[in-house]
Amino acid sequence: MRKEFIIACLSLLFSIVAKAQSFDIDLSSQPIGKPFRYSVAVPDGNYKVTVTIGSKRKVAETAVRAESRRLFFEPQKTKKKELKTLTFTVNKRSPYIYKNEWAPEGSLEKFDSIRIKSREKNYVNWDDSLTLEFCGSFPAVNRLQIERDTIATTLYLCGNSTVVDQEYEPWSSWGQMIPRWFNEQVCVANFAESGLTATSFLAQKRFDKILSTLRKGDYVFCEFGHNDQKERFEGAGAYYNFAYALKRLIDGARKKGAMVVFLTPTQRRSFTDDHLHIRETHADYPDAMREVARREQVPVIELHDMTRTLFETLGYEGSKHALVHYPANTFPGQMRELADNTHFNPYGAYEVAKMVVQGMKTLQLPLADYIRNDWKGYDPAAPDAFESFVWPDSHLYEIKKPDGN
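Note that the structure is predicted; figures quoted are calculated from it, not measured.

What counts, and at which threshold
Residues numbered from 1 in each chain as written. Predicted model: local features only at pLDDT ≥ 70, side-chain atom pairs only at ≥ 80, totals over all residues. Heavy atoms only, no water. Helix = DSSP H or I, 4+ residues; strand = E, 2+ residues; numbered from the N terminus. Disulfide = S-S within 2.5 Å. Buried < 20%, exposed > 50% of the residue type's maximum accessible area, 1.4 Å probe, protein only. Pairing = 2+ DSSP bridges. Axes fitted to C-alpha atoms, helices over the stretch in contact; angles between N-to-C directions. Contact = heavy atoms within 4.5 Å. Core = buried A, V, L, I, M, F, W, Y, C linked by side-chain atoms within 4.5 Å. Parallel < 35°, antiparallel > 145°, perpendicular 65-115°, else oblique. Left-handed = near helix turned anticlockwise from the far one by under 90°.

## Things to note about unusual backbone geometry
Looking along the chain, the bond that leaves E169 and enters P170 is cis, with omega of 0 degrees. Relative to the helices and strands, P170 resides in the loop between β11 (153-158) and α2 (174-177).

Quick look at the structure:
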């Protein structure tokens, strides 16, 4: 009798928790035409989001992003009285590491924490809520539904400032653009951070957090090399400490039944004196990554080669449009020119994200089966026109350059 009572109580508890992780929110009374954010406090995990956009009174145009400016839908136009339903899956996380991440909230137990940097403490990526951002020329949102998802395949991202969800304009990275290309059966969980190496990514327990939720059939994408080449401690080097750290990432993910994919580092915009070709600035780190991948039979997406082609195709001046190059006073509080040859702006990040997707297709990864139907392929020698790229401003700015170079 006591056993049945305990089971009944647990069933009731799980039912209550499950309901607490499901929301149906009427936003039809929300003023339309102005960008806004909407946050819901939820436990860590993946969440399926269904948003109904459009207005009965106005023609509208709505873009959908989440957390730290992760792109899910580019501006969607709706006619007067037209409603359109969009569905995607978004990962919400905190710095805490739990013993049983996939269990209902009532059974979670904290036992460790990621060592996040001080600036990250203010990022919505790490708070206790799932934040959705609606922007565009005239955003209109009618209804919002959120429910816990335990089915979607999770794509975990490990890397540095070229991968991280950049919190502020005008900085951006391919990791926050790539969710746009997947349907709701894939959820991107981006654990990258500016300034990190493969070694510091492990030391800050970001990979421990990934391992606490990693499941069989998930993916772990790793792009390192930018900052690793600057390590100067005993045992450092492309074929030594760097290769060893990459091997640790492989072993940890495979132990959980996940698939590892390497991405060689994106090029820096460093042209030769004749302004025709990109100089090689990453020493032997891309080759070391390729060697580890060959030895361990890890698929490789060649961002190193594709970004070289992109920069050389755009040319010495045109390639500035893909990076944070802006004259003084382009953004609020920007008193001086921005000229960063490493970090991408939204257009550049969008193009690199398309390289990653094309890499998945070329490698014939099973993950590519979940790419949205509007994918048309990508060739870095024939990039999208900068002038045609649309990115509604989030109106959150940071003039200071991200860590790393």
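## Things to note about the state of the cysteines
One covalent bond between the sulfur atoms of two cysteine residues makes up a disulfide. Evaluation of the coordinates by the stated rule reveals 0 disulfides. Cysteine C158 remains unbridged, with the sulfur of C222 as its closest cysteine sulfur at 4.2 Å. For the unlinked cysteine C187, the closest cysteine sulfur is that of C158, found at 15 Å. Exposure remark for C187: the relative accessible area of 0% places this residue in the buried category.

## Points about the sheet that holds strand β9 (residues 129-138)
The strands that make up a sheet pair up through hydrogen bonds in the backbone, lying either parallel or antiparallel. An order of β2-β9-β4-β5 is seen for the 4 strands of this open sheet, with the pairing classed as antiparallel. Two strands bound the open sheet, and with one partner strand each, they are β2 (36-41) and β5 (70-78). The average undirected angle you get between the axes of adjacent strands in this sheet is 20 degrees. Here 5 bridges tie strand β4 (residues 60-66) to β9, and the two strands are oriented antiparallel to one another. The partner of R65 across the bridge, within β9, is E133.

## Observations regarding the environment of Y38
As for its placement among the helices and strands, Y38 is situated in strand β2. Sequence-distant contacts of Y38, that is, excluding residues within four places in its chain, are made with I25, L27, L130, T131, L132 and L144.

## Re the nonpolar core
Residues L155, W174, F221 and M360 are the most contacted members of the largest nonpolar core, which totals 43 residues. Those elements that provide at least two residues to this core are β11, α2, β12 (186-190), β13 (219-222), β14 (259-263), α7 (303-318) and α8 (346-363). Among the elements that take part in this core, α8 stands out by supplying 9 residues, more than any other. Membership of the second largest hydrophobic core comes to 36 residues, among which are I114, I210, M289 and A293.

## Concerning the environment of F88
Examined against the element boundaries, F88 turns out to sit in strand β6 (residues 83-92). The buried category is assigned to F88, whose relative accessible area is 1%. Taking C-alpha positions, F88 is 33 Å from E296, a pair spaced 208 residues apart along the chain. Contact partners of F88, with chain neighbours within four places excluded, come to Y47, K48, V49, V51, V64, F72, F73, L132, E184 and R372.

## Quick look at the packing of α7 against α8
Across the interface, α7 lies against α8 with an axial gap of 10 Å and an inter-helix angle of 135 degrees. Relative to α8, the element α7 lies oblique. In terms of crossing hand, the pair formed by α7 and α8 is right-handed. Contact residues: L303, M306, T307, L310 and L314 in α7; Y347, E351, V352, M355 and V356 in α8.

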